[in-house]
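Secondary and tertiary structure notes
Chain by chain, the residues run as shown.
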Amino acid sequence: MAKVTRDDVARLAGTSTAVVSYVINNGPRPVAPATKERVLAAIKELGYRPDRVAQAMASRRTDLIGLIVPDARQPFFAEMAHAVEQAAAERGKMVLVGNSDYLDEREVHYLRAFLGMRVSGLILISQGPSEHAAVEIDAWDARVVLLHRRPEAIDDVAVRLDDVGGAQMATRHLLEHGHEYVACLGGLESTPKSGDPVTDHVEGWSRAMREAGKSVEGRLFPAPYNRYDTYRHALGLLSGPDRPTAVFCSTDDQAIGVMRAARELNIDVPRELAVVGFDDVKEAALTDPPLTTVGSDREGMAKAAVDLVLDDSLRVVGSRRERVRQFPSGLVLRRSCGCDVD
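Described in the following lines is the structure provided in the data block. (Residues numbered from 1 in each chain as written. Predicted model: local features only at pLDDT ≥ 70, side-chain atom pairs only at ≥ 80, totals over all residues. Heavy atoms only, no water.)

A few points about the packing of aromatic side chains
To keep things clear, this is the line we draw: Each Phe, Tyr or Trp ring (for Trp, its six-membered ring) is paired with any other whose centre lies within 6.5 Å, and the angle between the two planes then decides the class: stacked below 30 degrees, edge-to-face above 60, tilted in between. Categorising residues by exposure relies on relative accessible area from a 1.4 Å probe, with only protein chains included: less than 20% of the type maximum marks a residue as buried, more than 50% marks it as exposed, and the intermediate range marks it as partly exposed. The way it works is that DSSP assigns letters per residue, a run of H or I at least four long becomes a helix, a run of E at least two long becomes a strand, and they are numbered from the N terminus.
Counting across every chain of the model gives 4 aromatic pairs. With 5.4 Å between their ring centres and 75° between their planes, phenylalanine 76 and phenylalanine 77 make a pair best called edge-to-face. Of the two residues, phenylalanine 76 and phenylalanine 77, both sit in the buried class. Considering the side-chain rings of phenylalanine 248 and phenylalanine 278, the 6.5 Å spacing of their centres and the 70° angle between planes classify their relative orientation as edge-to-face. Within this pair, whereas phenylalanine 248 is found in strand 8 (residues 246–249), its partner phenylalanine 278 is found in the loop between strand 9 (274–276) and strand 10 (293–295), the two being separated by 30 residues in sequence.

Shown next, in the form of structure tokens:
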């Protein structure tokens, strides 16, 4: 049986091969709804399957978007990756995901691999300073959007959250509950000093404490980002003689680890220990008690990143500040902070 071609589709639909191409590729030119319906009907009737390899060779681009995350096992990155995949699907694209595991060399490995595949664009949630990643991006002249983090080394379009404001809001809320001070679980010693959300969460906590006339000395504790290692750190923190009565955690995963340690030590949350996290992962609503946290429009951020990486017209050329699209953060009140809410 002869292979069905684009010419066959155009002939049956009574249109040109260019119009068939616009329908298949969802652009670059618009197609009238009635014409689009005829083309789609012809494709279905003939069983036409586009040759994606040939298309990629001709355009030097594929229908793929590369997404590099630090660790897709962590709920926040898993949910963000899903949101990017959904946004990409609406644009007729598929997503390749690579985990850097917070290692610079793995991040560069996936950068080279994805860009070598001629992806339509790359969305990067960078693991840190990324000097080597910046060199790779410049060498490939790649279409890159930074999501969630904005490393100083990479001067490209970014979509991020108001992390400082969100942490400030969460810390103020705990202080308004009457706590003498709020302890903070930050990142590790290796956490970048700028461009990293956890660093900004610590900055927001520090600002709220100082504006309330509270000292931050000895009240910031380094902790891993995941719940399992944070649980072990929290056992020591909560067993000491100067146990805090309120803790702001830089991630929800950390907060879940703290609450598990509190339960093991028979510390009542929130009566004896108020806990607030950051990220509003889906699991936060199912903890016991439900976790108060800082949330964001994750779907909106993912859509913005996909649109920016695909549409040249949306990419801002200007100062570093002008090239950042910042989304607001908001407090999601549940019972772990001491609020009496459903």
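Let's pick the thread back up.
Thoughts on the pairing of strand 4 (residues 144–147)
Spelled out, the test is: The pairing criterion for strands is at least two bridges between them, as found by DSSP.
Residues Val144 and Leu146 of strand 4 are buried on one face, and the alternating residues Val145 and Leu147, pointing to the opposite face, are buried as well. For strand 3 (residues 121–124) and strand 4, the ladder comprises 3 bridges, and the chain directions are parallel. Within strand 4, the residue paired with leucine 122 across the bridge is valine 144. Both strand 4 and strand 5 (residues 157–161) contribute to a ladder of 3 bridges, which runs parallel. Paired with leucine 146 across the two strands is alanine 158, which belongs to strand 5.

Brief notes about the pattern of salt bridges
Let me state the cut-off plainly: We count a salt bridge whenever a side-chain nitrogen from Lys or Arg sits within 4 Å of a carboxyl oxygen from Asp or Glu.
Enumeration over the complete set of coordinates arrives at 19 salt bridges. With a shortest N-O distance of 2.9 Å, aspartate 307 and arginine 91 are connected by a salt bridge. Here arginine 91 lies in the loop between helix 5 (75–90) and strand 2 (94–99) and aspartate 307 lies in helix 12 (residues 298–310), a separation of 216 residues in the sequence. Between arginine 227 and glutamate 283 there is a salt bridge; the shortest N-O distance is 2.9 Å. With a gap of 56 residues between them, arginine 227 in helix 10 (residues 227–239) and glutamate 283 in the loop between strand 9 and strand 10 connect regions that are remote in the sequence. Because the salt bridges share partners, they merge into one network encompassing Arg91, Lys303, Asp307 and Asp311.

Some points on helix 5
Inclusion rule: An expected span of 1.5 Å times one less than the residue number is assigned to each helix.
The terminal C-alpha atoms of helix 5 lie 23 Å apart, and with 16 residues this matches the ideal 22 Å at 1.5 Å per residue to within 8%. A positive backbone phi angle near 75° is found at glycine 92, which sits one or two residues after helix 5.

Things to note about the sheet that holds strand 9
Pairing is parallel across the open sheet formed by 4 strands, whose spatial order is 7-6-8-9. Strands with a single pairing partner mark the edges of an open sheet, and in this sheet they are strand 7 (220–221) and strand 9. One ladder, built from 3 bridges, connects strand 6 (residues 183–185) with strand 8; its direction is parallel. For alanine 183, the partnering residue across the bridge sits in strand 8 and is valine 247.

Some words on the packing of helix 2 (residues 17–24) against helix 3 (residues 33–46)
We apply this condition: To obtain each axis, a line is fitted to C-alpha atoms, and for helices this fit is confined to the stretch in contact; angles are then taken between N-to-C directions over 0 to 180 degrees. Note on angle classes: values under 35 degrees are labelled roughly parallel, values over 145 roughly antiparallel, values of 65 to 115 roughly perpendicular, and the remainder oblique. Whether two residues touch is decided by their heavy atoms; if any such pair falls within 4.5 Å, the residues are in contact. The nonpolar class holds Ala, Val, Leu, Ile, Met, Phe, Trp, Tyr, Cys and Pro. Asp, Glu, Lys and Arg form the charged class, and all remaining residues, Gly among them, are polar.
Packing of helix 2 against helix 3 leaves a shortest axis separation of 10 Å and a crossing angle of 85°. Comparing the axis directions of helix 2 and helix 3 gives the class roughly perpendicular. In this structure, helix 2 contributes Val19, Val20, Val23 and Ile24 to the contact, and helix 3 contributes Thr35, Lys36, Val39, Leu40 and Ile43. Residues belonging to the contact of helix 2 with helix 3 are distributed by class as follows: 7 nonpolar, 1 polar and 1 charged.

Here's the deal with empty space enclosed by the protein
Any empty space left between the atoms is revealed when a probe the size of a water molecule rolls over them. Stated formally: Think of a 1 Å grid over the protein atoms and nothing else: a 1.4 Å probe that fits but is trapped marks a cavity, an open set flanked by protein within 12 Å on at least five of seven lines marks a pocket, and residues with an atom within 4 Å of a point count as lining. Grid points are joined across faces, edges and corners, and a volume is the space filled by probe spheres set on the points.
In this structure the tally under the stated criterion is 3 cavities of 30 Å³ or more. The volume enclosed by the largest cavity comes to roughly 170 Å³. Residue lining of the largest cavity: 17 residues in total, with Gln74, Phe76, Phe77, Thr251 and Asp279 positioned closest to the centre. Secondary structure elements with two or more residues in the lining of the largest cavity: helix 5, helix 9 (197–211) and helix 11 (252–264). For the lining of the largest cavity, the class distribution of residues is 8 nonpolar, 5 polar and 4 charged.

Things to note about the environment of glutamate 211
Mapped onto the fold, glutamate 211 is located in helix 9. Separated by 43 residues in the primary sequence, glutamate 211 and glutamine 168 place their C-alpha atoms 10.0 Å from one another. Those residues in contact with glutamate 211 that lie beyond four places of it in its chain are Gln168 and Arg172.

Describing unusual backbone geometry
Most peptide bonds take the trans form, and the phi angle of most residues other than glycine is negative. With an omega dihedral of 15°, the bond running from valine 269 to proline 270 counts as a cis peptide bond. Within the fold, proline 270 resides in the loop between helix 11 and strand 9. Between aspartate 288 and the following residue, proline 289, the backbone shows a cis peptide bond with an omega angle of 0°. Summarising the element assignment, proline 289 is placed in the loop between strand 9 and strand 10. Residues other than glycine seldom take positive phi values, yet aspartate 101 does so here, at roughly 55°. A residue is classified by how much of its surface remains accessible, and aspartate 101, at 33% relative accessible area, is partly exposed. At aspartate 280, a residue that is not glycine, the phi angle is positive and equals roughly 55°.

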